[in-house]
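# Structure assessment
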Amino acid sequence: MTLIVLLRGANVGGRRFSPKAVEAALADLDVVNLGAAGTFVVRKRVGEKSLRARIEAELPFAPAPMIVVNDREIASALHAGESIDGPSDAKRFATAMESPPSLLPKLPIEAPNSARWGVRVVAVSGRFAIGLRRRVDATGVYPNEIVERAFGVAATTRDWPTMEKLAKLLAR
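About the cut-offs
- Residues numbered from 1 in each chain as written.
- Predicted model: local features only at pLDDT ≥ 70, side-chain atom pairs only at ≥ 80, totals over all residues.
- Heavy atoms only, no water.
- Pairing = 2+ DSSP bridges.
- Helix = DSSP H or I, 4+ residues; strand = E, 2+ residues; numbered from the N terminus.
- Axes fitted to C-alpha atoms, helices over the stretch in contact; angles between N-to-C directions.
- Contact = heavy atoms within 4.5 Å.
- Parallel < 35°, antiparallel > 145°, perpendicular 65-115°, else oblique.
- Left-handed = near helix turned anticlockwise from the far one by under 90°.
- Buried < 20%, exposed > 50% of the residue type's maximum accessible area, 1.4 Å probe, protein only.
- Phe/Tyr/Trp six-rings, centres within 6.5 Å; stacked < 30°, edge-to-face > 60°.
- Lys NZ or Arg CZ within 6 Å of the ring centre and 35° of its normal.

## Let's talk about the sheet that holds strand β5 (residues 91-97)
Spatial ordering of the open sheet is given by β6-β7-β8-β5-β9, a layout of 5 strands whose pairing is antiparallel. In the strand order of this sheet, the two ends are held by β6 (109-111) and β9 (155-159), each with one partner. Within this sheet the neighbouring strands show an average axis-to-axis angle of 25 degrees, counted without direction. In this sheet, strand β8 (residues 128-133) lies alongside β5 in antiparallel orientation, the contact comprising 6 bridges. By the bridge assignment, Ala96 is partnered in β8 with Phe128. Against the sheet, helix α6 (residues 160-171) makes contact with β5, β8 and β9, and its axis sits at roughly 85 degrees relative to β9, the strand it touches most.

As structure tokens, this is what we get:
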């Protein structure tokens, strides 16, 4: 089983690190970095606790949260989000939650609650909330804050093109 590590806020707000340096340091685990946001595919078999410790040792900050999912969870989220469609100014996203939600709120969730929503969560697949988002500066909301409030767990968001790139990496 392939593991995927998703960091939140890794290269924003004064937190800086080199994803390529983490990738190089974990070469023995056949780690592949995907972009600057802190998304890593770990191809060699390793225990989650050990993997977390190795990544934390390479970061100049304590990751909060560091969400570790597996390839099946990514595939399931992609399948659940394939048919989601919306207005032309909206983009699909998948928000990984630290743990499965104990209760599912009524869907869809829209914030702000108006015709000009910024985040619309329309599906849940395991630990992933999937939906559409509009530009933050136009709406004032971001998927993490909406998902964390609605589901009561820490989360980190990836836009749909990143999810599709993950699928391609996992298919290799």
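Now that the structure has been shown, we can carry on.
## Some remarks on the packing of helix α3 (residues 71-81) against α6
One way to put it is that α3 packs onto α6 with a least axis distance of 10 Å and a crossing angle of 130 degrees. With respect to α6, the element α3 is oriented oblique. Between α3 and α6 lies a crossing of left-handed hand. Here Asp71, Ile74, Ala77, Leu78 and Gly81 of α3 come into contact with α6, specifically with Trp160, Met163, Glu164, Leu166, Ala167 and Leu170.

## Some thoughts on the environment of Gly38
Relative to the elements of secondary structure, Gly38 occurs in the loop between β2 (31-33) and β3 (39-42). The exposure class of Gly38 is buried, given its relative accessible area of 0%. Dropping the residues within four chain positions of it, Gly38 is found in contact with Val5, Leu6, Leu7, Phe17 and Arg158.

## Topic: the packing of aromatic side chains
Scanning all chains against the criterion turns up 2 aromatic pairs. Ring centres of Phe17 and Phe61 lie 5.9 Å apart, and the angle between their planes is 85 degrees; this geometry places the pair in the edge-to-face category. On the criterion of sequence distance, the pair formed by Phe17 in the loop between β1 (3-7) and α1 (19-25) and Phe61 in the loop between α2 (48-58) and β4 (66-70) is long-range, its members being 44 residues apart. You'll find Phe17 and Phe61 in the same group, each marked buried. The aromatic ring of Trp117 is capped on one face by Arg134, whose charged end is 4.0 Å from the ring centroid.

## Structural notes on the sheet that holds β4
If you walk across this open sheet you meet the 4 strands as β2-β3-β1-β4, and the pairing is antiparallel. Only two strands of the sheet have a single partner each, and these edge strands are β2 and β4. For this sheet, the mean angle separating the axes of adjacent strands, direction not counted, is 20 degrees. Sheet topology places β1 next to β3; 4 bridges connect them, and they run antiparallel. Among the inter-strand pairings, Leu3 is bridged to a residue of β3, identified as Val42.

## Things to note about the pairing of β1
Across the 5 residues of β1, 5 count as buried, placing the element largely inside the fold. By the alternation rule, side chains of β1 split into Leu3, Val5 and Leu7 and Ile4 and Leu6, which are all buried. Inspection of the sheet shows β1 paired to β4 by 5 bridges, in the antiparallel sense. Paired with Leu7 across the bridge in β4 is Met66.

## Observations concerning the pairing of β9
Across the 5 residues of β9, 4 count as buried, placing the element largely inside the fold. Examined bridge by bridge, β5 and β9 share 5 bridges and lie antiparallel to one another. Within β9, the residue paired with Met97 across the bridge is Ala155.

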